[in-house]
Amino acid sequence: MIHTFTLNGLNFAVDGNSGSILTLDDLSFNMIHKKTALPAVDEVMLSLQDRYGSSDILDAYHELESLKEEGLLFTPDANLERAASSLNTDALGIKSLCLHVSHDCNLRCEYCFASKGDYQTGRTMMPVNIALKAVDYLMRNSGTRQNIEIDFFGGEPLMNFEVVKNVVSYARELEKRSNKQFYFTITTNGTLLNDNSIAYINEHMDNVVISIDGRKHIHDAVRHDTRGNGSYDRIVPLAKQLVEGRNGKSYFIRGTFTSKNKDFSKDIFYLADLGFTEISIEPVVGFGDQLFITESDLPEILDEYEHLAMQYIERLRRDKPFRFYHFNLDLYDGPCLYKRIAACGAGYEYFAVSPDGKIYPCHQFVGQDEFIMGNVHDGITNILLSEKFRNTNIITKDACSKCWAKLFCSGGCHANAWFTNASLEEPNEIACTLQKKRIECAIMVQYLLSSGSDS
């Protein structure tokens, strides 16, 4: 399948089954725009002869034929299905655990998917013995992987920081007796940071995610404490201090935009002007709350992404660089085919562990009894559920199998699909629409950056 689009005066074609991306002149673009197959040459000649010369049409047509023969255009579905059937993940083992060290939070963010921090399971902390059992479980079940990951999550993980430090120390000791290397990430709202915790995080955490939504009035309207006080003034100076001490180590400022701030590009550039160079701003998708993005919001948001892309390019040209997560699409050395098909690996490569040691497919399913997969003592006991997640991918999901963007989004988020449609197989349509627009913008941005074009 082919998706064609024009953005910033450039014509693009994306082959949905090979992942190839082509830039086209107007003539070639008009030949295949909105086509499901390469049309017959007689049809092309008839439709375009009033605008182009016959020899130009034939030259362009033969070039498109060559691209098809090379497997870059109109690639058959069977090619991708054969590739998918050859993938074997059994020998790899688990790659990552998300440890919910705290089911409590000192903020009460309006859009929180975790029920203001407790996941509807009660406010509690993960005991150190459960945390260390989880580390042992990851070690035993990581198979042939040498690099394995632990994400510290909540609630607010800094509310249980001693357990975080115990896990890191324990894992480092295990490294000495194995060929494994642990990588640690912590996600924090930033309010409990201090000089000591910042120093520790910068020494021991390979990645840090700090939640800031952008401009002060936008942030404080939704990210406030239990008494309704905004958190911006507390967080931003501490986040700056932490980032300044990273010394090149990875971090992200992770924000959220809602239906109340559809001009979210202002928040992105605001964060960049504060000096943050790694930024992700995500939409609130779901249903049941006035903050959630609805279908009526889409035209304005899609336009905003295009506006963001153009401003982003101008920023880079003015030597004011920062990276917006969704525009960091690698057109040449992106994820391998397995990663594109399997996505995050939730439910078989990646799991979340609740404070009481229960294992779930990912952090967003925690607290949902029907998604309990086992526990850190006995391992995965719900084998059927794990297989369900393993076998739900862009090939098996009907909507994804027919979508041009599948090799770039990998089928979207399982949790978004479930909480919207009560089905792992049916993606959230609003999330899909936004993702496809981000991919189009990212293709345009990365093409201009790689080609040096001034278009």
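Residues numbered from 1 in each chain as written. Predicted model: local features only at pLDDT ≥ 70, side-chain atom pairs only at ≥ 80, totals over all residues. Heavy atoms only, no water.

## Digging into empty space enclosed by the protein
Spelled out, the test is: Grid points spaced at 1 Å over the protein atoms alone were grouped into cavities, where a 1.4 Å probe fits but cannot get out, and pockets, open sets with protein on both sides within 12 Å along at least five of seven lines, with lining residues defined by an atom within 4 Å of a point. Grid points are joined across faces, edges and corners, and a volume is the space filled by probe spheres set on the points. The classification used treats Ala, Val, Leu, Ile, Met, Phe, Trp, Tyr, Cys and Pro as nonpolar, Asp, Glu, Lys and Arg as charged, and all other residues, Gly among them, as polar.
This structure, assessed with the given rule, holds one cavity of 30 Å³ or more. Counted as a void, the largest cavity has a volume near 40 Å³. What lines the largest cavity is a set of ten residues, among which A343, T392, K397, S410 and H414 lie closest to the centre. Across the lining of the largest cavity, the residue classes tally to three nonpolar, six polar and one charged.

## Overview of unusual backbone geometry
Heads up, the rule is: Helix numbers and strand numbers start at the N terminus; a helix is a DSSP run of H or I with at least 4 residues, a strand a run of E with at least 2.
With an omega of 20 degrees, the peptide bond between G154 and G155 qualifies as cis. With respect to the element layout, G155 can be found in the loop between β7 (147-153) and α6 (161-176). Within the chain, F74 stands out as a residue other than glycine whose phi angle is a positive 50 degrees. Inspection of the secondary structure assignment puts F74 in the loop between α3 (54-69) and α4 (77-85). The backbone of S410 sits at a positive phi, close to 60 degrees, despite the residue not being glycine. Turning to its location among the elements, S410 is positioned in the loop between α15 (406-409) and α16 (414-421).

## Considerations on the sheet that holds strand β3 (residues 21-24)
To keep things clear, this is the line we draw: Pairing between strands requires that DSSP locate at least two bridges from one strand to the other. Here, axes are lines fitted to C-alpha atoms. For helices the fit covers the stretch in contact, and angles between N-to-C directions go from 0 to 180 degrees. Residues count as neighbours in contact if any of their non-hydrogen atoms are within 4.5 Å of one another.
A sheet is described by the order of its strands in space; here three strands give the open sequence β1-β2-β3, paired in antiparallel fashion. Looking along the sheet, the strands with just one partner apiece sit at the ends: β1 (2-7) and β3. When the angles between neighbouring strand axes are averaged without regard to direction, this sheet yields 25 degrees. In terms of strand pairing, strand β2 (residues 10-15) meets β3 through four bridges, oriented antiparallel. By the bridge assignment for β3, A13 is matched with L22. This element, helix α17 (residues 429-451), spans β1, β2 and β3 of the sheet and lies at about 115 degrees to β2.

## Here's the deal with the state of the cysteines
How we decide: Any cysteine sulfur atom paired with another within 2.5 Å is treated as part of a disulfide.
For the structure on display, the rule yields zero disulfides. In this model C112 remains outside any disulfide bridge; the closest cysteine sulfur is found in C109, 6.3 Å from its own. No disulfide involves C409; its sulfur sits 5.9 Å from the nearest other cysteine sulfur, which is in C400.

## Some thoughts on helix α2 (residues 41-48)
Operational definition: Residue exposure (1.4 Å probe, protein chains only): buried if accessible area is under 20% of the type maximum, exposed if over 50%, otherwise partly exposed. Summarising the geometry, the arc corresponds to the directions from the helix axis toward the C-beta atoms.
For α2, every residue scored as buried is listed here: V44, M45 and L48. On an axial view of α2, the arc spanned by its buried residues comes to 100 degrees, and they lie on one face. With respect to the buried face of α2, the exposed residues turned more than 90 degrees away are D42 and L46. If you follow the buried residues of α2, they end up packed against α1 (26-32) and α3.

## A look at the packing of α2 against α3
Quick note on the threshold: Roughly parallel means an angle under 35 degrees; roughly antiparallel means over 145; roughly perpendicular covers 65 to 115; every other angle is labelled oblique. Left-handed describes a crossing whose near helix is turned anticlockwise from the far helix through less than a right angle; right-handed describes the clockwise counterpart.
Viewed as axis vectors pointing N to C, α2 and α3 meet at an angle of 140 degrees, and their least axial separation amounts to 10 Å. Taken together, the axis directions place α2 and α3 in an arrangement best described as oblique. Two packed elements cross with a definite hand, and for α2 against α3 that hand is right-handed. Across from V41, V44, M45 and L48 in α2, the residues of α3 making contact are S54, I57, L58 and Y61. Residue classes in the contact of α2 with α3 are distributed as seven nonpolar, one polar and no charged.

## A few points about the pattern of salt bridges
This is how the line gets drawn: Salt bridge, as applied in this entry: a Lys or Arg side-chain nitrogen positioned within 4 Å of an Asp or Glu carboxyl oxygen.
Using the criterion set out here, one finds 21 salt bridges in the structure. The partner of E162 in a salt bridge is K165, and the shortest N-O contact between them spans 2.9 Å. Pair noted here: E162 and K165 are both in helix α6, with a separation of three residues, about one helical turn. E162 sits in the exposed class, given a relative accessible area of 51%. Among the residues examined, K165 registers a relative accessible area of 25% and is labelled partly exposed. K437 serves as the salt-bridge partner of E306, at 2.7 Å between the closest nitrogen and oxygen.

## So, the sheet that holds strand β8 (residues 181-188)
Read across the sheet, eleven strands follow the order β12-β11-β10-β9-β8-β7-β4-β13-β14-β15-β16 without closing on themselves; strand pairing throughout is mixed. Single-partner strands in this sheet number two, and they are β12 (323-324) and β16 (379-380).

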